[in-house]
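Working through the structure, step by step
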Amino acid sequence: MATLNSVIVPAKVLKGGRHKVRISVAHNGETRYIVTDIIIDSAKEFKNGQVIKRPDASIKNTKIRALLQKYQTAIDELGYIDGLTCPELVYHIQHAEQYKHRTISSVFKEYIELMRLKPNTILNYNTKYNSLMEFTGENMLIENVNHATVIGYDKFLREKRNLSQCTIRDRLVFLMVLLNYARRCQYAVFKVDPFKGYELPEMTVRQVWLSVDEIKSIRDYQTTRQNLIKCRDIFMLSYYLGGINMKDLLHINFNECGNTIHYVRAKTEHRPKINKFVEFDIPDEAMVIINKYKGKSGHIEFTRTQNESYMHHFFTYNMPILQKELGIKRLIYYSARKSFSQHAFNLGISTSTIDYILGHRLDRNSTSLYNYISVTPELATAAIRKVLDNLK
């Protein structure tokens, strides 16, 4: 239940000791403040939520009561508010007049503004949003989304955009997220769930690993086109380093490594699991490429714009060209990681060693085996050597 009070915040004092009266909103263990235009000259002019010792005190108190009533009415009209965080509730209080007839576009922009999302997540959501807007248009009201909308969007993604099952599922789940957010905020009330009777496409495992011969064809590919040379080299570097992810590769300072690579996989570094790091000797094949592209900083630097987002764009653009040149059915940067792990498994290397090289963190409760054994850097080095020798 939300509680409203009129307050002043000593830490927010204005010049000359003046204060703005604020409305505090306490909800779900948090407190946020809404600033008003009511100003007093000193903290002594405010007591127990009321303005005192001023000729215009009654006028200011009337304004305060009116604001408290206005915000309380907005809360009452929201109905169920326990599902909202305090910042979300404050937002809705301040935008009470805009509750009705919200467009999908405005709901999305509000959702992005209020959620604490990482920059990469926001970029990902913007891609999904643009796809949805291409189908619905920016003026469609979220209250008008129905079962036909869901079916039509599915058909649009399949027939007009020719997307994969996984991507279609991802785009539809995004729409579901927006609808659920709109429900929580009471921007829309659906008598019938738009997704009722609709089955999301099943998740499919990405079969993007390549055969040993296909990896060899990439390694041995010759061209004068610099982008394809770089694409080939960094792909093979990932394979040579046990399928290392792009983000981890960019963060490693090879000046500090010597002949041994040692890193914590970024994707799992904050998870309380075992396998805290990846460590093994750098193979000669990898060292050749590292020395070719290593900058003075010790990091891999083969583009002017050295960031993960640009690198994804680089491979997204160039991998299909390399794929076509080599006649490979499907080739993406992730194929290096998938191929290395598959080839290691085919050669009889233990799954615990493969997990160690890939940087997987294994839950101690998942199997008792990992409570008794420990994969060493020496085992990892030998396993990688076995996989690379298989290319000869």
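Each chain carries its own residue numbering, running from 1 in the direction its sequence is written. In keeping with the predicted nature of the model, local features appear solely for residues at pLDDT of at least 70, side-chain atom pairs appear and are counted solely at 80 or more, and the whole-chain, interface and lining totals rest on all residues. Hydrogens and water are ignored here; the side-chain numbers use all heavy atoms of the structure.

**Re the overall build of the protein**
- Scanning the protein from terminus to terminus reveals 14 helices and seven strands.
- Looking at the protein residue by residue over its 392 residues, the buried ones come to 43%.
- Here, two residues are considered to be in contact whenever any of their heavy atoms come within 4.5 Å of each other. Counting only contacts in the protein whose residues sit at least 6 apart along the sequence, the fraction spanning at least 24 positions is 62%.
- Residue exposure ignores everything except the shown protein chains as possible cover, and the areas themselves are Shrake-Rupley values with a 1.4 Å probe. For the protein, the accessible area works out to roughly 21,800 Å², and carbon and sulfur atoms hold 50% of it. In this description a helix means any DSSP run of H or I spanning at least four residues, a strand means any run of E spanning at least two, and both kinds are numbered starting from the N terminus. Only protein chains enter the accessibility calculation, which uses a 1.4 Å probe. A residue is then buried if its area is under 20% of the maximum for its type, exposed if over 50%, and partly exposed in between.

**Quick look at the side chain of Ser6**
- Positionally, Ser6 belongs in strand β1 (residues 3-7).
- Polar side-chain contacts of Ser6 include one of 2.6 Å to the backbone oxygen of Gly49.
- Those residues in contact with Ser6 that sit more than four places away from it in its chain are Val21, Arg22, Ile23, Phe46, Gly49, Ile64 and Leu68. We call two N or O atoms a polar contact when they sit within 3.5 Å, provided that within protein one can donate a hydrogen and the other can accept it, with sequence-adjacent residues counted only if both atoms are side-chain atoms.

**Section: unusual backbone geometry**
- You will see that Asn28, though not glycine, has its phi angle at about 50 degrees, which is positive.
- Secondary-structure assignment places Asn28 in the loop between β2 (19-27) and β3 (30-40).
- A residue is classified by how much of its surface remains accessible, and Asn28, at 45% relative accessible area, is partly exposed.
- With phi around 50 degrees, Asn162 is a residue other than glycine that occupies positive phi space.
- The topology assignment puts Asn162 in the loop between α5 (147-160) and α6 (165-184).
- For Asn162, a relative accessible area of 66% translates into the label exposed.

**Thoughts on helix α2 (residues 86-94)**
- Summarising burial for α2: seven of the nine residues are buried, a large majority.
- Buried within α2 we find Cys86, Glu88, Leu89, Val90, Tyr91, His92 and Ile93.

**With respect to the packing of helix α1 (residues 57-78) against α2**
- Contact pair α1 / α2: the axes reach a minimum separation of 9 Å and the direction vectors enclose 110 degrees. One way to sum up the angle between α1 and α2 is to call them roughly perpendicular. When the axes of α1 and α2 are compared, the crossing they make is right-handed. On the side of α1, the interface is formed by Tyr71, Ala74, Ile75 and Leu78, while α2 contributes Leu89, His92 and Ile93.
- Gly is put with the polar residues, along with every residue not named as nonpolar or charged; the nonpolar set is Ala, Val, Leu, Ile, Met, Phe, Trp, Tyr, Cys and Pro, and the charged set is Asp, Glu, Lys and Arg. When the residues that make up the contact of α1 with α2 are grouped by side-chain class, the tally is six nonpolar, one polar and no charged. Helix axes are fitted only over the stretch in contact, all axes being lines through C-alpha atoms; the angle between N-to-C directions runs from 0 to 180 degrees. Here is the rule for angles: anything less than 35 degrees is roughly parallel, anything more than 145 is roughly antiparallel, 65 through 115 is roughly perpendicular, and the remaining ranges are oblique. Left-handed is the label given to a crossing in which the near helix is rotated counterclockwise from the far helix by less than a right angle, and right-handed is the label when the rotation is clockwise.

**Section: the side chain of Lys60**
- For Lys60, the position within the fold is in helix α1.
- Excluding residues within four positions of it along the chain, Lys60 makes contact with Ile38, Ile39, Val51 and Arg54.

**A look at the pattern of salt bridges**
- Put simply, a salt bridge is a Lys or Arg side-chain nitrogen that is within 4 Å of an Asp or Glu carboxyl oxygen. The full count for this structure, using the stated rule, is 18 salt bridges.
- The salt bridge involving Asp233 is made with Lys292; its shortest N-O contact spans 2.8 Å. Separated by 59 residues along the polypeptide, Asp233 in helix α8 (residues 226-240) and Lys292 in helix α10 (residues 284-293) bring together distant segments of the chain.
- Taking the relative accessible area as the measure of exposure, Lys292 reaches 48% and is therefore partly exposed.
- A salt bridge links Asp389 to Lys392; the shortest N-O distance between them is 3.3 Å.
- One network of salt bridges, in which partners are shared, links Asp41, Glu45, Arg54, Asp56 and Lys60.

**Notes on the pairing of strand β6 (residues 260-263)**
- Of the two faces of β6, the one holding Ile261 and Tyr263 is buried and the one holding Thr260 and His262 is not buried anywhere.
- Alignment of β6 against strand β7 (residues 278-281), held across four bridges, turns out to be antiparallel. Bridged to His262 within β7 is Glu279. Pairing between two strands is assigned when DSSP locates at least 2 bridges connecting them.

**Observations concerning helix α3 (residues 104-114)**
- Judged by how many residues are buried, α3 sits mostly within the fold: eight of 11 residues are covered.
- By the burial criterion, the buried members of α3 are Ile104, Ser105, Val107, Phe108, Glu110, Tyr111, Ile112 and Leu114.
- Summarising the contacts, the buried residues of α3 are in contact with α2, α4 (119-136) and α6.

**A word on the sheet that holds β2**
- One open sheet accounts for three strands, arranged β1-β2-β3; its pairing is antiparallel. At either end of the open sheet lies a strand with only one pairing partner, and these are β1 and β3. The mean inter-strand angle of the sheet, taken between neighbouring strand axes irrespective of direction, is 20 degrees.
- Against the sheet, α2 touches β2 and β3, its axis set at about 35 degrees to β3.

**Some remarks on the environment of Glu110**
- Topologically, Glu110 is positioned in helix α3.
- Here the alpha-carbon distance between Glu110 and Glu88, two residues 22 residues apart in the chain, equals 9.6 Å.
- Not counting chain neighbours up to four residues away, the residues in contact with Glu110 comprise Tyr91, His92, Arg102, Tyr181, Cys185 and Tyr187.
- Reaching out from Glu110, the side chain makes a polar contact with the side chain of Arg102 at a distance of 2.9 Å.

**Examining the environment of Glu285**
- Take Glu285: it is sitting in helix α10.
- Non-local contacts of Glu285, meaning those with residues more than four positions away in its chain, are made with Tyr240, Arg385, Leu388 and Lys392.
- A polar contact of 2.5 Å, which involves the side chain of Glu285, links it to the side chain of Arg385.

Any link to function would need more than the numbers given here.
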